[in-house]
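If you want the building blocks of each chain, they are given just below.
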Amino acid sequence: MNFEAKRCGVQFSPPSIVLIYQHTETKKMRKRIIPVRHFSKYSDYRMAAERLKNNPRHRDYLEGVSQSQLEKLLIILRDHMQGFSLEHSLASFRLDPDEDLNKLDDEELARKKGQMDELFEKNRRRKNDLDFVYDLEVDFSKPTQEKCSWDDESDDGF
């Protein structure tokens, strides 16, 4: 591989992926604009990302870019084609602990679960880690729960 990807972005008109890379032999920084052809607001972003990664013209340049990052860029591009703002697209990548995942469609739910898996793997402690502690016990303080009137009544019948 003669190229090291430094930055990656999206260009809305014409729909393109913008890649800033460094040529490893000459140490020169260059910009490559990769057009995203046959991509509409109804397109599958996963398949489009795979096509870009496997394209013989762009394969060497995109080798250092992860599949998930390409998918995120294509989601932003697709959302723009659907009329959503950039802020809306970026907000869809953030994990909100208060968000009701039952209200999401299957594609959105799969994306959120993938983000949660990524976050879990990033924070996971393995036996080989320096800060690994075997059988770690953490005391989480429980908030006091309020007594309900139906709790007292239900104990009488048993």
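Quick caveat, the model's predicted, so the values are computed rather than measured.

Conventions used here
- Residues numbered from 1 in each chain as written.
- Predicted model: local features only at pLDDT ≥ 70, side-chain atom pairs only at ≥ 80, totals over all residues.
- Heavy atoms only, no water.
- Helix = DSSP H or I, 4+ residues; strand = E, 2+ residues; numbered from the N terminus.
- Rg over C-alpha atoms; globule rule 2.2 N^0.38 Å.
- Contact = heavy atoms within 4.5 Å.
- Areas by Shrake-Rupley, 256 points an atom, 1.4 Å probe, with all protein chains shown as cover.
- Lys, Arg positive; Asp, Glu negative; His and termini not counted.
- Charge placed at Lys NZ, Arg CZ, Asp CG, Glu CD.
- Salt bridge = Lys/Arg side-chain N within 4 Å of Asp/Glu carboxyl O.
- Buried < 20%, exposed > 50% of the residue type's maximum accessible area, 1.4 Å probe, protein only.
- Arc of directions from axis to C-beta.
- Phe/Tyr/Trp six-rings, centres within 6.5 Å; stacked < 30°, edge-to-face > 60°.

(A) How the structure looks around the overall build of the protein chain. Summing up its helical and strand segments, the protein chain has five helices and three strands in all. Start at the N end of the protein chain and walk to the C end: the helices and strands fall as β-β-β-α-α-α-α-α. Here the C-alpha atoms of the protein chain give a radius of gyration of 23 Å, more than 25% beyond the 15 Å that 2.2 N^0.38 yields for 158 residues. Here the C-alpha coordinates of the protein chain stretch approximately 80 × 45 × 25 Å along the principal axes. Intrachain contacts of the protein chain at a sequence separation of at least 6 include 37% that bridge at least 24 residues. Looking at the protein chain as shown, the accessible area adds up to about 12,500 Å², and 49% of this sits on carbon and sulfur atoms. Charge centroids of the protein chain, computed over 28 positive and 31 negative side chains, lie 15 Å from each other.

(B) Inspection of the pattern of salt bridges at higher detail. If you walk through the whole model with that rule in mind, you get seven salt bridges. Note that E108 and R111 form a salt bridge whose closest N and O atoms lie 2.7 Å from each other. Of the two residues, E108 and R111 are both situated in helix α4 (residues 106-123); the distance of three residues between them amounts to about one turn of the helix. The same class applies to E108 as to R111, namely buried.

(C) Region of the structure containing helix α1 (residues 45-54). The complete set of buried residues in α1 reads Y45, A48, A49, L52 and K53. For α1, the angular spread of the buried residues around the axis is 135°, confining them to a single face. Across from the buried face of α1, at angles greater than 90 degrees, the exposed residues are M47 and N54.

(D) Main features of the packing of aromatic side chains. Taken as a whole, this structure holds three aromatic pairs when the rule is applied. Taken together, a centroid distance of 5.3 Å and an interplanar angle of 90° make the contact between F3 and Y21 edge-to-face. Taken together, the residues span a long stretch of sequence, with F3 in strand β1 (residues 3-11) and Y21 in strand β2 (residues 16-23) at a distance of 18 residues. Overall, the relative accessible area of 12% leaves F3 in the buried class. Clustering of aromatic rings is evident, with ring pairs tying together F3, Y21 and Y61.

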